[in-house]
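These are the residues of each chain, in order.
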Amino acid sequence: MIGGFGGKILRGAGRTLQAEDEFFKQLIFRSRLKANVMVTARKMTDEELGAMGYISREGYIDDTLRNAIMNKEALASKWDEMVVYGKVADDPNAKAKFMEENVGTYNHSSKMAQEALQQAREATFTTPLREGTLGKNVQDTINKHPILRQVMPFIQTPTNILRVSFERIPVL
């Protein structure tokens with residue numbers, strides 16, 4: 001790995017692409033999440049909302065959005081659960097790093113968040129490749145032999161762009 005200032009210059013383009021991808025994925029994720037929650041809330045009757053313990057649609061929307069994105073309280077609870085089950089050591093530094101890296105991410109147990117993440121991946125062409133496909137096999141081969149990355153640096157995004165293009169051609 002190249003270090004120092006030269007390494008930062010060489011890695012700058014890749015880091016910029018990653019930051020741009022994450023920015024648009026977050027933008028799409030949050031807008032789709034809010035749209036999905038609002039559509040669901042509008043379809044619900046007052047009786048359904050009451051049965052779920054909500055007085056108003058706004059309360060349902062706020063609560064659902066808050067639960068779909070990991071906040072510090074949810075992450076602290078998740079960390080405590082992982083400590084209890086012995087998955088991690090109870091280290092304050094590791095907990096702080098875990099919370100810093102995961103605050104604002106989607107909550108895996110929220111169906112709305114999972115749907116919004118899938119929609120964001122589709123829109124940014126970053127959907128993981130399916131097992132057994134040619135694209136996944138090529139990606140696995142390149143991951144096993146990193147020298148091939150010089151020949152084919154990008155696999156997932158171009159494969160997803162081609163897949164979506166072929167899905168939109170009526171004959172295919």
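Look above for the structure.
Quick caveat, the model's predicted, so the values are computed rather than measured.

*Asks:* Explain the overall build of the protein chain to me, using residue names and the numbers behind them.
*Replies:* Looking only at helices and strands, one finds eight helices and zero strands in the protein chain. Reading the helices (α) and strands (β) of the protein chain from amino to carboxyl end gives α-α-α-α-α-α-α-α. At 21 Å, the protein chain has a C-alpha radius of gyration far larger than the 16 Å of a compact globule built from 172 residues. Here the C-alpha coordinates of the protein chain stretch approximately 60 × 55 × 30 Å along the principal axes. Among the 172 residues that make up the protein chain, the fraction classed as buried is 25%. Expressed as a percentage of contacts within the protein chain between residues at least 6 apart in sequence, the contacts between residues at least 24 apart total 57%. Accessible surface for the protein chain amounts to roughly 12,400 Å². Of this, 59% is attributable to carbon and sulfur atoms. Taking the average place of the 24 positive charges on the side chains of the protein chain and the average place of its 21 negative ones, the gap between the two points comes to 7 Å.

*Asks:* Kindly report on the packing of helix α4 (residues 72–84) against helix α5 (residues 92–102), identifying the contributing residues and their values.
*Replies:* Two measures define how a pair of helices packs: the angle their axes make with one another and the distance between the axes. As a packed pair, α4 and α5 sit with axes 10 Å apart at the nearest point and diverge in direction by 135 degrees. Comparing the axis directions of α4 and α5 gives the class oblique. Like other packed secondary-structure pairs, α4 and α5 cross with a definite hand, here right-handed. Contacts between α4 and α5 involve Lys72, Leu75, Ala76, Lys78, Trp79, Asp80 and Met82 on the former and, on the latter, Ala94, Lys95, Phe98, Met99 and Asn102. For the contact of α4 with α5, a count of residues per class yields seven nonpolar, one polar and four charged.

*Asks:* I'd love a proper account of unusual backbone geometry, names of residues and values included.
*Replies:* With the exception of glycine, most residues fall at negative phi, and the peptide bonds are largely trans. One non-glycine residue with positive phi stands out, namely Phe125, at about 60 degrees. Its location among the elements puts Phe125 in the loop between α6 (111–123) and α7 (134–144). A relative accessible area of 27% places Phe125 in the partly exposed class.

*Asks:* I'd like to hear about the environment of Val171, residue by residue, with values.
*Replies:* Checked against the element boundaries, Val171 lands in the segment after α8 (156–167). Judged by relative accessible area, which is 79%, Val171 ranks as exposed. Taking C-alpha positions, Val171 is 21 Å from Leu134, a pair spaced 37 residues apart along the chain.

*Asks:* Lay out the environment of Glu58 with the relevant residues and their values.
*Replies:* Note that Glu58 resides in helix α3 (residues 57–68). In this structure the C-alpha to C-alpha distance between Glu58 and Ala41, which are 17 residues apart in sequence, comes to 8.4 Å.

*Asks:* Any chance you could break down the nonpolar core for me, citing the residues and the numbers?
*Replies:* Grouped together as the largest cluster of nonpolar side chains are 17 residues, with contacts concentrated most on Phe29, Leu33, Val37, Leu49, Tyr60, Ile61 and Met112. Listing elements by their share of this core, those giving two or more residues are α1 (4–43), α3 and α6. Counting seven residues, the second-largest nonpolar core is a separate cluster that includes Met70, Leu75, Ala76 and Met99.

*Asks:* For the layout of surface pockets, give the residues involved together with the corresponding values.
*Replies:* By volume, the largest pocket amounts to about 860 Å³. In terms of lining, the largest pocket is formed by 25 residues, of which the most central are Gly14, Leu17, Gln18, Pro153 and Phe154. Those elements giving two or more residues to the lining of the largest pocket turn out to be α1, α7 and α8. Among the elements that make up the lining of the largest pocket, the one with the highest residue count is α1 (twelve residues). Residue composition of the lining of the largest pocket, grouped by class: nine nonpolar, nine polar and seven charged. Here the second largest pocket is characterised by a volume of approximately 220 Å³.

*Asks:* Please provide a residue-by-residue account of α4, values included.
*Replies:* With 13 residues, α4 should reach 18 Å at 1.5 Å per residue; the first-to-last C-alpha distance of 18 Å fits that figure. Listed as buried for α4 are Leu75, Ala76, Trp79 and Met82. Around the axis of α4, the buried residues are gathered within 125 degrees of arc, so they sit on the same side. Away from the buried face of α4 by more than 90 degrees, exposed residues Glu73 and Val84 are located. Among the residues trailing α4, Gly86 stands out with phi positive, at a value near 75 degrees.

Cut-offs applied
- Residues numbered from 1 in each chain as written.
- Predicted model: local features only at pLDDT ≥ 70, side-chain atom pairs only at ≥ 80, totals over all residues.
- Heavy atoms only, no water.
- Helix = DSSP H or I, 4+ residues; strand = E, 2+ residues; numbered from the N terminus.
- Rg over C-alpha atoms; globule rule 2.2 N^0.38 Å.
- Buried < 20%, exposed > 50% of the residue type's maximum accessible area, 1.4 Å probe, protein only.
- Contact = heavy atoms within 4.5 Å.
- Areas by Shrake-Rupley, 256 points an atom, 1.4 Å probe, with all protein chains shown as cover.
- Lys, Arg positive; Asp, Glu negative; His and termini not counted.
- Charge placed at Lys NZ, Arg CZ, Asp CG, Glu CD.
- Axes fitted to C-alpha atoms, helices over the stretch in contact; angles between N-to-C directions.
- Parallel < 35°, antiparallel > 145°, perpendicular 65-115°, else oblique.
- Left-handed = near helix turned anticlockwise from the far one by under 90°.
- Nonpolar A, V, L, I, M, F, W, Y, C, P; charged D, E, K, R; others polar.
- Core = buried A, V, L, I, M, F, W, Y, C linked by side-chain atoms within 4.5 Å.
- 1 Å grid on protein atoms, 1.4 Å probe; cavity = no way out; pocket = protein on both sides within 12 Å on 5 of 7 lines; lining within 4 Å.
- Points joined across faces, edges and corners; volume = space filled by probe spheres on them.
- Expected span 1.5 Å × (residues − 1).
- Arc of directions from axis to C-beta.

This is a description of form; function is not addressed.
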